[in-house]
Amino acid sequence: MTVESVKPAQPAAPQLPVPPLAGGGVPVLGHGWKLVRDPLGFLARLRDHGDVVRLKLGPKTVYALTSPALTGAMALSTDFKIDGPLWESLEGLLGKEGVATANGPRHRRQRRTIQPAFRLDIIPEYGPIMEEEARALAERMGSGEPVDCTSESFRVAVRIAARCLLRGEFMDERAERLSVALATVFRGMYRRMVIPAGPLYRLPLPANRKFDRALADLHLLVDEIVAERRGSGQKPDDLLTALLEAKDENGEPIGEQEIHDQVVAILTPGSETVASTIMWLLQVLTEHPEHAARVAEEVKSVVGDRPVAFDDVRKLSYTNNVVVESMRLRPAVWILTRRAVTETELGGYRIPAGADIVYSPFAIQRDPRSYDGHLDFDPDRWLPERAKDVPKHAMSPFSVGNRKCPSDHFSMAQLSLITATVASRWRFEQVSESNDATRVGITLRPYRLLLRALPR
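Residues numbered from 1 in each chain as written. Predicted model: local features only at pLDDT ≥ 70, side-chain atom pairs only at ≥ 80, totals over all residues. Heavy atoms only, no water.

Caption draft 1: Quick peek at the nonpolar core. Core analysis: the biggest nonpolar cluster contains 89 residues, and M141, L165, L282, F410 and F428 have the highest contact counts within it. When residues in this core are grouped by element, the largest group, 13 residues, is from helix α12 (residues 256-287). Ignoring any residue separated from it by four or fewer positions in sequence, one finds F428 in contact with M141, L282, L285, T286, V422, L451, R452 and A453. Ranked by size, the runner-up nonpolar core spans 17 residues in total, among them L43, V62, A64 and L444. (Core = buried A, V, L, I, M, F, W, Y, C linked by side-chain atoms within 4.5 Å. Buried < 20%, exposed > 50% of the residue type's maximum accessible area, 1.4 Å probe, protein only. Helix = DSSP H or I, 4+ residues; strand = E, 2+ residues; numbered from the N terminus. Contact = heavy atoms within 4.5 Å.)

Caption draft 2: Geometry of the side chain of E325. With respect to the helices, strands and loops of the structure, E325 is situated in helix α14 (residues 317-329). Those residues in contact with E325 that sit more than four places away from it in its chain are D376, F377, D378, P379, R381 and W382.

Caption draft 3: Representation of a nonpolar patch on the surface in the model. A grouping of L200, L203 and L205 is seen on the molecular surface, where their side chains present a nonpolar patch of about 240 Å² in accessible area. The topology assignment puts L203 in the loop between α9 (198-201) and α10 (206-232). According to the relative accessible area criterion, L203 is partly exposed, its value standing at 41%. (Patch = residues over 30% accessible without salt bridge, like charges linked within 9 Å, V, L, I, M, F, W, Y side chains within 5 Å. Areas by Shrake-Rupley, 256 points an atom, 1.4 Å probe, with all protein chains shown as cover. Salt bridge = Lys/Arg side-chain N within 4 Å of Asp/Glu carboxyl O.)

Caption draft 4: Helix α17 (residues 408-425), seen in detail. Between its terminal C-alpha atoms α17 stretches 26 Å, which fits the 26 Å expected from 18 residues at 1.5 Å a residue. For α17, a buried count of 15 out of 18 residues is recorded, marking the element as mostly surrounded by other parts of the structure. (Expected span 1.5 Å × (residues − 1).)

Caption draft 5: Just the packing of helix α7 (residues 149-166) against α12, in detail. At a minimum axis separation of 8 Å, α7 and α12 run at an interaxial angle of 140 degrees. Taken together, the axes of α7 and α12 lie oblique to each other. Once α7 is placed against α12, the crossing between them reads as right-handed. Contacts between α7 and α12 involve C149, T150, S153, F154, V156, A157, V158, A161, L165 and L166 from the former and V263, I266, L267, S271, E272, V274, A275, I278, M279 and L282 from the latter. In terms of residue class, the contact of α7 with α12 is made up of 16 nonpolar, three polar and one charged. (Axes fitted to C-alpha atoms, helices over the stretch in contact; angles between N-to-C directions. Parallel < 35°, antiparallel > 145°, perpendicular 65-115°, else oblique. Left-handed = near helix turned anticlockwise from the far one by under 90°. Nonpolar A, V, L, I, M, F, W, Y, C, P; charged D, E, K, R; others polar.)

Caption draft 6: Highlighting the sheet that holds strand β3 (residues 80-82). As summarised here, the arrangement of the five strands in space is β1-β2-β8-β5-β3, forming an open sheet in which the pairing is mixed. Only two strands of the sheet have a single neighbouring strand rather than two, namely β1 (52-57) and β3. Pairwise comparison of adjacent strand axes, ignoring direction, gives a mean angle of 35 degrees for this sheet. As judged from the four bridges shared by strand β5 (residues 336-340) and strand β8 (residues 356-359), these two strands associate in the antiparallel manner. Residue pairing in the sheet places R339 in a bridge with D356 of β8. (Pairing = 2+ DSSP bridges.)

Caption draft 7: Highlighting empty space enclosed by the protein. Within the structure shown, the criterion is met by five cavities of 30 Å³ or more. Here the second largest cavity is characterised by a volume of approximately 150 Å³. As for the second largest cavity, its lining consists of 13 residues, of which T71, Y359, H393, S396 and S399 are closest to the centre. Residue assignment for the lining of the second largest cavity shows that the elements contributing at least two residues are α3 (68-75) and α15 (361-364). Looking at the lining of the second largest cavity element by element, the count peaks at three residues for α3. Its residues assigned to classes, the lining of the second largest cavity comprises seven nonpolar, six polar and no charged. (1 Å grid on protein atoms, 1.4 Å probe; cavity = no way out; pocket = protein on both sides within 12 Å on 5 of 7 lines; lining within 4 Å. Points joined across faces, edges and corners; volume = space filled by probe spheres on them.)

Below you can see the structure in the form of structure tokens.
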């Protein structure tokens, strides 16, 4: 043995601390009770305890992130994957083989299959369909009767998705079935996420039976769409054709379950989030008539007396800012979860392998540390000279990294076009039966928004 071969013992790496535990937990349910009673307020208040906070959901320990820097770091890190209470609750709807819930090589292959449908140079091809559906929505609003914004928002969102991406004649009857079923399913899935009491949800209770019927109808609807396309023998250049002709990692056609789950992923999450955003945009136009008037004035200055066209959207900067500010204050997707695939670190705290992490875009996008006048509806905050002051990842409505929504430009185009079309024709008022309070489920939307459209 030589002197050189004798190495001093290395000091042990310091043990990272455990994040603080949020207060207010109750026996058995932990913090799940607060997430049912006041989820938005509870998650917003977690920032007072730090950037990383421990929660108890039943017997499980969950880690909550409250800062945009950490949520962005997690989204871009390979130490975390799509998983956790949210995605486990969604698997009953989305399945395990669709792009929304898949991970690793399968997810990358699926993104390659669907991404061409959302290329920037392809989206203008959908323009005529978006224009037609936006104008049809505006026409239906002009009946003089109160407008049920839930059904109308789902109808326009589903019809645009189906006609653009599946090339199906997706008539109102199916859209109505989808909107009714989604409302029931997403509400039930939220309860299953925050109170993981599996055996309870298998009991033949009225709420459970209603949930099971709605879920079955959703999957039956998807089977109808796929069978209808196969039976037609047609192969239009659309996303459904791409799925029916897709190959797996071995060069074999993908399985029927994956096709089913992919169609579900196309129709349901996108329709739910876009429809919820349309509802909030209609609520914003009603609550803030001064901003609605500015949208109408901008549209008039760009298009004159003709109808709004898809090609006008990129010129409607204030209208686009109204859409973005609405998504900031009233995001459809308000809670997300991930799972640590290895022991790692976030914010100086130890995150064990297999740990579930939760964060709330709603809370982050209303954080006074990131936004002056954080609760004010202020579309001008997205002017270039002001937007540069918003911290990175403090506004990520379509996520970032490899889980970034592939349909972000598609969604923004239809949202801005719909906003411009209806605001340029109508001003709105709520009727007495309306209730625009926030209904919390897997997504956020108004409870029951009923509006009367008045000529502008």
